[in-house]
Number of protein chains: 2
Amino acid sequence: MIGRGQTGNAKLVKHINREGILHQLRENPRVSRADLAKLTELSRPCVSALVDEMIVEGMISEVGLGESKGGRKPILLEYNFQAYGVIGAVFEGSTLQLAIADLKGELLIQRTTCLPHPMNGETAIQSIEQGLAALLNESGFDKARLLGMGLGLPGITQRSEGTVSYAPSTGWMGLPVRKEIEAALGLPVVIENDVNLMTLGEFHKGIGVGHSNLVYMYAGTGIGAGIMIDGQLYRGAKEASGEIGYMVIGPVGNQTKGEYGVFERNYSVRAIREKAKAVLPSMDEGSSIVKQIVDQANNGVEAAQALLDDICRHWTYGIANLTSVMDPALLILSGEMLHIGNEGIHKIQQWLTDWVPSVPRIEMASLGDQAGLIGAIHCALEAFPSTSKLQR
Amino acid sequence: MIGRGQTGNAKLVKHINREGILHQLRENPRVSRADLAKLTELSRPCVSALVDEMIVEGMISEVGLGESKGGRKPILLEYNFQAYGVIGAVFEGSTLQLAIADLKGELLIQRTTCLPHPMNGETAIQSIEQGLAALLNESGFDKARLLGMGLGLPGITQRSEGTVSYAPSTGWMGLPVRKEIEAALGLPVVIENDVNLMTLGEFHKGIGVGHSNLVYMYAGTGIGAGIMIDGQLYRGAKEASGEIGYMVIGPVGNQTKGEYGVFERNYSVRAIREKAKAVLPSMDEGSSIVKQIVDQANNGVEAAQALLDDICRHWTYGIANLTSVMDPALLILSGEMLHIGNEGIHKIQQWLTDWVPSVPRIEMASLGDQAGLIGAIHCALEAFPSTSKLQR
DNA sequence: ATTAAGTTAGTTAAAATGACTAACAAAGTT
DNA sequence: AACTTTGTTAGTCATTTTAACTAACTTAAT
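On a predicted model such as this, the values are computed, not experimentally measured, just so you know.

Asker: Would you explain the overall build of chain A in this entry?
Answerer: Scanning chain A from terminus to terminus reveals 13 helices and 14 strands. Principal-axis analysis of the C-alpha atoms places the extent of chain A at approximately 75 × 50 × 40 Å. Here chain A holds 392 residues, and the buried ones make up 52% of them. A sequence separation of at least 24 residues applies to 60% of the contacts in chain A between residues at least 6 apart.

Next comes the structure, spelled out in structure tokens:
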């Protein structure tokens, strides 16, 4: 056999060019070969060859003719978004969100279920299994067309090992989560930290679209951040990046290993509820605690105003620290920070202007409690490209 | 003419492979074509062809035969480190460090000069011009063989514009620094933040060698950090990443824009000197302030012990915040932090273990006040590869 | 309405490039 | 003499490029 099977970087270029064409087709629906040649800076014959190849493989389709711009009508091409699908799943407290999406990342069907109490590894996996079966059944989606699952978990997830290495509040620590779920479903699985997935969600489908360098900050039951650099999640050496709940903000106290972080212990929802007891006449456990404080502050209750100021101030400490280190182009705020109102935002921006040299553009998260789920979808899409199924 | 001049990614592979070979030659001096084939995972004929090409171009030389390992003796190859050179320059307070180095980054000649007072743009450029002329004269290095200059400046440098966008303590802000120096020297120049260059220095020649993900923390006249991700400096959206002097640590006070950062105002050398007045019987302005405090603490002076504890504690706040965000594999401490002693280091590590979930390996900087200069050299080497001169 | 000229889209053919395998020569060692 | 290791030569394959088409359409003068 002669000249077969290049081992080095020889095959790389074709792969890059194919991915480039696919990328453009994902971004710009209904374009011609000629358009693709311009967009990818490849020659027209080369694009034609690669496109024809991918049409045969079923990844792309010709979908009729476009308008002439003074010459022959272009043959419009489209990515076959429906060819395969992925699953997104997010464990958040006591609920499990599940969804099936197409290759575009559009949700086809979605469900939120409450988990049985007490939860352990087995029941959790059972929930996923049953939930997925229900989704497949209801949507009529063929399981054979699923590429894999993106799974969001709280705590520090070890993507390559498929385990959770640090999560004081859950019972997942150390378990071979990924392997067990893969065995149960018969599908490949990636796991990822929940806040990282929210970041990914906002990046792909939310307010972060088009911003390849951004930081996402979440303040809720926990406090965390997600970091995107050059369109990639930055995970750090032990995948513990963005764990800003462990910043030293507020009283340090007798902090020892295994507990929540200092910032989190002082300014997460849990902590704020405690502080608010003295301020609110009656507390509604169901609705946003910050909103209740803001309402009281607007009613003229001075103690509420002071507490709100204190909360905003310390959250801004976190933002200032985060932006000092990262200098992102865009900062997305989410969780309970969504309820601080215009006055709160204004305060934060004023403080930042006073404290740091480079204030990023600040936006509120736009996807609500869907962010993580949408991120899980895109995490799966990145981990299991449709080519993986085709190249067998 | 047919089939000439590919515009797309066609030439990319060859470039990657050539760079791969050069990289191996920089790392492993005196290797054969066969060794390179193994190291780069390319075929022997391919390596031979690329090597021959680069020998003609003058980048590589054959330097005799090696020992036989049971067959024909290998022809050893070497990167022509001496073919070209670069200049490194660092402005630090009132001194200017200048050096010429070869393509390996080895300093050939070096000089530190005091700047005339008061300094302004013109005198600074004059100093560089005169200093470089002296270096060239003394070393006999041919100016035509210089590829360019890497220049380190305090403050937030705008690499692409060649200006300094934020530096309260110097008069550089807004000036077209790079253009003016390029015009004066007739050589291309890159500017970069001083702490980033120290980071680069430690990465290439210091304790950070082999660690492509690290964070460097400097506490001296100012406080700052440098971040390396995948062997690249991370600069942020407005090149203000790592400006941790602006973290909110210690009393906030009446901070408004234009002043130094909160952390810097509370725990830089300037601030510590102020605090130490009450503790030290007499202060030596020339030597390390932290060392003086440590000495007094070791003498049993309780106030000094308390101050040292306070300083270490707050520096650790900064470290905790930094590592919470970045989760680096390695953290390098420098500046006055070098003088805290073993007890201080032990304290820091204990606190970190208590506060954050992922404690990085911590090392002391190893290059002393050469770090920035060495970084400037490597900055220039990255910005102006020797191929830039050859490809004319 | 016809027709020529110009444009745009897509294909075909030939050349160029760069990497690979196979086979061999050169120069050793055991 | 037999094996090894290094380096080269020759031939092949994959991929992309340029150049030169064909196809199909628009514009506008005749």
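Asker: What's the story with the interface of chain A and chain B in this structure? I'm lost.
Answerer: Interface size, as often reported, equals the accessible area lost upon joining of the parts. Taken residue by residue, the interface counts 50 residues in chain A and 48 residues in chain B. For the pair chain A and chain B, the summed buried surface comes to about 4,000 Å²; carbon and sulfur atoms form 60% of the total. A per-residue breakdown of the area chain A buries against chain B is headed by Val248, Val325 and Pro357 of chain A, which together make up 16% of the total. Along the contact surface separating chain A from chain B lie 22 residue pairs in polar contact (both at pLDDT 80 or more). For the side of chain A that touches chain B, the elements supplying multiple residues, two or more each, are α1 (12-27), β11 (223-229), α10 (302-326) and α11 (341-355) of chain A. Residue contributions to the side of chain A that touches chain B peak at eight residues, all from α10 of chain A.

Asker: Even after reading the chapter, I still don't get the sheet that holds strand β10 (residues 214-219) of chain B, so can you show me in this structure?
Answerer: Sheet strands pair via backbone hydrogen bonds, and the direction of the pair is either parallel or antiparallel. All names here are of chain B. Overall, mixed pairing links the five strands, which are arranged β12-β11-β10-β13-β14 in an open sheet. Where the open sheet ends on each side, the last strands, each with one partner, are β12 (232-233) and β14 (361-364). Note: strand β11 (residues 223-229) against β12, two bridges, orientation antiparallel. The residue of β12 that forms the bridge with Ile229 is Gln232.

Asker: Would you mind showing me how to read the packing of aromatic side chains here?
Answerer: Here the distance between the centres and the angle between the planes together describe a pair of aromatic rings. Residue and element names in this part refer to chain A. One pass over the structure, following the stated rule, counts six aromatic pairs over all chains. Ring centres of Tyr317 and Trp355 lie 5.5 Å apart, and the angle between their planes is 50 degrees; on these two criteria the pair is classed as tilted. Linking Tyr317 in helix α10 with Trp355 in helix α11, this pair joins segments that are 38 residues apart in sequence. By relative accessible area, Trp355 is classed as buried at 3%. Between Trp351 and Trp355 the ring centres are 5.9 Å apart and the planes differ by 10 degrees, which places this aromatic pair in the stacked class. Here Trp351 pairs with Trp355, and both are found in helix α11, just four residues apart, close to one helical turn. Pair check on accessibility: Trp351 and Trp355 agree, each one buried. An aromatic cluster is built from Tyr317, Trp351 and Trp355, whose rings are joined through pairwise contacts. Between the NZ or CZ atom of Arg145 and the centre of the ring of Phe141, over which it lies, the distance is 4.4 Å.

Asker: Whenever I open this one, the domain arrangement of chain A confuses me. Can you help?
Answerer: Residue and element names in this part refer to chain A. Splitting chain A by domain gives domain 1 (12-79), domain 2 (85-199 + 372-390) and domain 3 (209-366). Taken over C-alpha atoms, the centre of domain 2 sits 27 Å from the centre of domain 3. Taken together, the 15 residues of domain 2 in the interface contact 19 residues of domain 3. Per-residue buried area on domain 2 facing domain 3 is highest for Tyr166, Asn196 and Thr199; these three make up 35% of the total on that side. The tally of links between domain 2 and domain 3 comes to one salt bridge. Here Glu192 ties to Arg235 by a salt bridge, and the two come within 2.8 Å at their closest N and O atoms. Secondary structure elements with two or more residues in the side of domain 2 that touches domain 3: β7 (156-158), β9 (189-193) and α6 (194-205). Examining the composition of the side of domain 2 that touches domain 3, we find that four residues originate from one element, α6, more than from any other. In terms of residue class, the side of domain 2 that touches domain 3 is made up of five nonpolar, eight polar and two charged.

The rules behind these values
- Residues numbered from 1 in each chain as written.
- Chains lettered and ligands numbered in written order.
- Predicted model: local features only at pLDDT ≥ 70, side-chain atom pairs only at ≥ 80, totals over all residues.
- Heavy atoms only, no water.
- Helix = DSSP H or I, 4+ residues; strand = E, 2+ residues; numbered from the N terminus.
- Buried < 20%, exposed > 50% of the residue type's maximum accessible area, 1.4 Å probe, protein only.
- Contact = heavy atoms within 4.5 Å.
- Buried area = accessible area lost by both parts, 1.4 Å probe.
- Polar contact = N/O pair within 3.5 Å; in protein donor to acceptor, adjacent residues only side chain to side chain.
- Pairing = 2+ DSSP bridges.
- Phe/Tyr/Trp six-rings, centres within 6.5 Å; stacked < 30°, edge-to-face > 60°.
- Lys NZ or Arg CZ within 6 Å of the ring centre and 35° of its normal.
- Domains from an automatic or database assignment.
- Salt bridge = Lys/Arg side-chain N within 4 Å of Asp/Glu carboxyl O.
- Nonpolar A, V, L, I, M, F, W, Y, C, P; charged D, E, K, R; others polar.

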